[in-house]
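Okay, here's what each chain looks like letter by letter:
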Protein chains: 2
Amino acid sequence: MKHVVIVGGGFAGLNAAKHLGNSKDIRVTLVDRRNHHLFQPLLYQVAMAALSPAEIAAPIRHILAKFRNITVLQDEIIDVDLAGRRVIGRDCALAYDSLILACGARHSYFGHEEWEEAAPGLKTIEQATEIRRRVLNAFEAAERQHDPTQQRRHLTFAIVGGGPTGVELAGAIGEMSRYTLAQDFRNINPKQARIILIEAGPRILPSFAPELAGKASRALENLGVQVWTSSMVTNVSSDGVEIGRERVEAATILWAAGVQASKLSQRVEAEKDRLGRIMVEADLSVKGHPEVFVAGDQAHFAHGRQMPLPGLAAVALQQGRFIAENIRREIRGDNRQNFRYTDKGQLAAIGRSRAIIEMGKFRFGGFVAWVVWLLVHIYYLIGFKNRIFVTMNWAWSFFSFRRGARLIVTKEWRFYPPRPPAPPSGGDIGK
Amino acid sequence: MKHVVIVGGGFAGLNAAKHLGNSKDIRVTLVDRRNHHLFQPLLYQVAMAALSPAEIAAPIRHILAKFRNITVLQDEIIDVDLAGRRVIGRDCALAYDSLILACGARHSYFGHEEWEEAAPGLKTIEQATEIRRRVLNAFEAAERQHDPTQQRRHLTFAIVGGGPTGVELAGAIGEMSRYTLAQDFRNINPKQARIILIEAGPRILPSFAPELAGKASRALENLGVQVWTSSMVTNVSSDGVEIGRERVEAATILWAAGVQASKLSQRVEAEKDRLGRIMVEADLSVKGHPEVFVAGDQAHFAHGRQMPLPGLAAVALQQGRFIAENIRREIRGDNRQNFRYTDKGQLAAIGRSRAIIEMGKFRFGGFVAWVVWLLVHIYYLIGFKNRIFVTMNWAWSFFSFRRGARLIVTKEWRFYPPRPPAPPSGGDIGK
């Protein structure tokens, strides 16, 4: 029986597993360092207090429980031994006949990792609740302040990066300050929040058509968001961002500017692009290793295209399924095929009732686009229960203008944290 | 205009604020170190992955937004100046005409605070998600293990304290291992989990009638929980508990054994009991300070009773309302009244479809009791939306045997945590 190891339970890995499920000739082990699959396109809604983490995440183990040939392990894979056909985790090592790498992407600060503390990115549940904590805390801190300069700093939100995530975050903060929080404060008016979307390129949403990006800009401005284009952030600190000689005092800075492939890519001996993504063959395998496949954000696939495929859920889903089908094809004795991407278009939401959609030549924006956005996201949400709950939550928020998860949660859970170690005693005290 | 300061947004403080709302002669400031009111009776369901934090918590600011005479501040009050009629927070200081202290309780490890790291208690959202993380992680770790001794250690859950919280936690772990997780693992059988409820006294649920405690014990045993009474825990470490000379190897230990009054009580110059609760007069005021009231778990009220009032939501709600009414009475020129507690009884759930209820002479247990438990908790849940969502979640869980929030969330949100400082260089390196 052939053993397929899948690293990563995102869209690509999970879909590959599903399409290998119930196969009699294949045994599958899916390894992920998390216990949950995350529906990343809605993660910004957790960061913006609209949804709870559990509404967009489901245990991988449970999703795959019905496939008796699949084992799910929670472990972090830290090395890949291509020659020995093994992956090595912190707690386990697994030998494979076929390997599917689908570890996704993480943020890139372009060599300025020290900016992360001041400007969190949005890739995990932990980061989403951290951002939620910072955004809600900013309004609380402004309410406590009487110094107008400090108040303004607390009420300034800088979002770095004008791609879909940056646009969705900025729109959601705009909506929150204008509607959700409007009546809840006494010393401040949340509507006076300054929300600045900072993009280094000449326009936001470069992957969309210019007229849609223009529509998005106007929708953002209606929510009070200032869009600064051609503005390259040159420094980030805990109290603001610098754009060349300009400086904006902002208590909350969010990073949505760049991604790079997951760290495990560094341990794979294969050609990579400048984002660390593994260059794959036309069948998504690694050159010289037909038994190793890479899918999703971790792969650079450019065959017959000007640009590599973008980091979209649709790409990951199709690639995961395609790899599973190729593996089954080979076991049946058929030839492998080459991957072809079916472009399903792209879409982004702006605030509570606007979106933009681009499907080939078909482009539109506004309320109808937002309804389509809603239906598409509900359709793809994993799990019957989550679909119903997210739909209900959205309906409730839409009509009440409220948000369901306005919680500030801290990192420390203990009442009695251990005391810091005593200073070393000895001759050098007081030096 | 009289300024009433309320410290704490739990059942007592929030209810006091509501009953002072819209009063023309009173200005109210409610201070809490959290931004949310927590519906503590259901916190164990968050710890047991059944509900999301946001479903049992709501922003205090929003609950009170309609009362224009109430200001909500998020701050931690660290000192009380009774003589100067001021409370001092980390970020603000507030002068008051009347003060309501309602800071609640925290866990007590009877002088063994170092046990907390190994045996978290359940008072906050952070603790609930920490417990959820540990319980779910235990099953994951057991699945990765092949050594049966290690597997058994991972699948052993020790709950210290046989009060309602301990019983509810033990029942929920029993339910989880028997139903929710039963099909999801390959190397282990979750049903083999050992769940031990350890109580120092001669029986569990001492506040309930003996026959109900007996019913609860049998319901727990049906869920695979072993009930150990007359068993005093003498040591807790990261890999187990000791009961005198006995030793149980358990990877997960939960603490539900004792509480003490909130830390702020120490800063109030007044008589206290051995749990640190402030002894209050018959009108809930502090002796010698008729303008200072204490309510809820922070108060020791024993007038005309053998035992002080227990730490129940019903007590806190009634006391909060009573204090608000006395303050309004005085402003109208009427005399203060003395507090009288209306006993509404008590109830506890055991697993997915059993509960016990005691209302005076009226005592029953089983499925009907569980339905009553359900209705009571839904009725008291704050906020229209939370009620609907919790009800739906319960209905879904009841019929599907699943749990809605099986997420393991870690504490670290950063991809690039700062490196630890370099070791000091100098003469003593290599010593």
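It should be noted that the structure appears before, not after, this text.
Colleague: Would you take a moment to explain the environment of Ile6 of chain B for this structure?
Modeller: Tracing the chain through its elements places Ile6 of chain B in strand E1 (residues 2-7). Expressed as a C-alpha distance, the spacing of Ile6 of chain B and Ala355 of chain B, which sit 349 residues apart in the sequence, is 35 Å.

Colleague: Any chance you could explain the relation of the copies chain A and chain B here in plain terms?
Modeller: The second copy of the chain is related to the first by a rotation about an axis and a shift along the axis. Mapping chain A onto chain B calls for a screw motion: a turn of 180° about the axis and a shift of 0.0 Å along it, with 0.0 Å RMSD after fitting. As the rotation angle and translation indicate, the two copies are arranged about a two-fold axis. Among all C-alpha atoms of chain A, that of Lys411 of chain A lies closest to the rotation axis, at 3.0 Å. Counting the interface residues of chain A, we find that 100% of their copies in chain B are interface residues as well, pointing to one common contact surface.

Colleague: Whenever I open this one, the nonpolar core confuses me. Can you help?
Modeller: In globular proteins that are soluble, nonpolar side chains generally tend to be buried together. Membership of the largest hydrophobic core comes to 123 residues, with the highest contact counts inside it found for Met48 and Leu101 of chain B. No other element matches helix H4 (residues 125-144) of chain B, which puts eight residues into this core. Once you skip the residues sitting within four places of it in the chain, Leu101 of chain B turns out to touch Val7, Val80, Leu264, Val268, Ile278, Val292, Phe293, Val294, Ala295 and Gln298 of chain B. Core analysis: the second largest hydrophobic core is formed by 121 residues, Leu205, Leu212 and Trp394 of chain A together with Leu407 of chain B among them.

Colleague: What's the story with the sheet that holds strand E17 (residues 252-255) of chain B in this structure? I'm lost.
Modeller: The strands making up a sheet associate through hydrogen bonds between their backbones, and the pairing can be parallel or antiparallel. Residues and elements named next belong to chain B. In spatial order, the strands read E13-E12-E11-E17; together these four strands make up an open sheet with parallel pairing. Edge positions in the sheet fall to strand E13 (225-228) and E17, since each has one partner strand and no second. Mean inter-strand twist for the sheet, computed between neighbouring axes without regard to direction, equals 20°. Pairing analysis gives five bridges linking strand E11 (residues 156-160) to strand E12 (residues 194-198), with the strands arranged parallel. When the bridges of E12 are listed, Thr156 appears paired with Arg194. Each of E11 and E17 touches H4; the most contacted strand, E17, lies at about 155° to it.

Colleague: Would you explain the pairing of strand E9 (residues 98-101) of chain B in this entry?
Modeller: Looking down a regular strand, the side chains alternate between one sheet face and the other. Residues and elements named next belong to chain B. The alternating pattern of E9 places Ser98 and Ile100 on one face and Leu99 and Leu101 on the opposite face, and all of these are buried. Inspection of the sheet shows E1 paired to E9 by four bridges, in the parallel sense. Paired with Val7 across the two strands is Leu101, which belongs to E9. Strand direction decides the pairing type here: E9 and strand E21 (residues 289-294), joined by three bridges, are parallel. Residue pairing for E21: Ile100 is matched across the bridge by Phe293.

Colleague: Sorry, what's going on with the interface of chain A and chain B here?
Modeller: One widely used convention gives an interface's size as the accessible area the parts lose upon coming together. Taken together, the contacts link 70 residues of chain A with 70 residues of chain B. Together chain A and chain B conceal approximately 6,500 Å² of surface at their shared face, both sides included; 55% is due to carbon and sulfur atoms. Taken as a group, Trp413, Phe415 and Tyr416 of chain A account for 15% of the area that chain A buries against chain B, more than any other trio of residues on that side. In this structure, the connection of chain A to chain B is made through 19 residue pairs in polar contact (both at pLDDT 80 or more). Those elements that place two or more of their residues in the side of chain A that touches chain B are strand E4 (57-59), helix H3 (60-63), strand E5 (70-74), strand E10 (105-107), helix H4 (125-144) and helix H10 (384-400) of chain A. Looking at which element gives the most residues to the side of chain A that touches chain B, the answer is H4 of chain A, with ten residues. Considered class by class, the residues forming the side of chain A that touches chain B number 28 nonpolar, 16 polar and 26 charged.

Parameters and conventions
Counting restarts for each chain, with residues numbered from 1 along the sequence as it is written. Starting at A for chains and at 1 for ligands, labels are handed out in the order in which the entities are written. Residue-level local features of this predicted model are given only where pLDDT is at least 70; pairs of side-chain atoms are given and counted only at 80 or more, and the full residue set underlies all totals for whole chains, interfaces and linings. Side-chain metrics in this entry use all non-hydrogen atoms of the structure; hydrogen atoms and water are not considered. In DSSP terms, a helix is any run of H or I states spanning at least four residues, a strand is any run of E spanning at least two, and both are numbered starting from the N terminus. Copies overlap after least-squares fitting; the atoms used are the C-alpha atoms of residues with pLDDT of at least 70 in both. Two residues form a contact once any of their heavy atoms are found within 4.5 Å. Buried residues of nine kinds, namely Ala, Val, Leu, Ile, Met, Phe, Trp, Tyr and Cys, make up a nonpolar core once their side-chain atoms join them within 4.5 Å. Burial classes: relative accessible area under 20% of the type maximum marks a residue as buried, over 50% as exposed, and values in between as partly exposed (1.4 Å probe, protein chains only). Any two strands between which DSSP finds at least two bridges are classified as paired. The axes are straight lines fitted to the C-alpha atoms, using for helices just the contacting stretch, and the angles between their N-to-C directions are given from 0 to 180°. As a working definition, buried area equals the accessible area (1.4 Å probe) given up by two parts on being put together, with both sides summed. Polar contact is the term for a pair of N or O atoms within 3.5 Å; when the atoms are in protein, one must be able to donate a hydrogen and the other to accept it, and sequence-neighboring residues count only if both atoms are side-chain atoms. Under the scheme applied, nonpolar residues are Ala, Val, Leu, Ile, Met, Phe, Trp, Tyr, Cys and Pro; charged residues are Asp, Glu, Lys and Arg; polar residues are all the others, including Gly.

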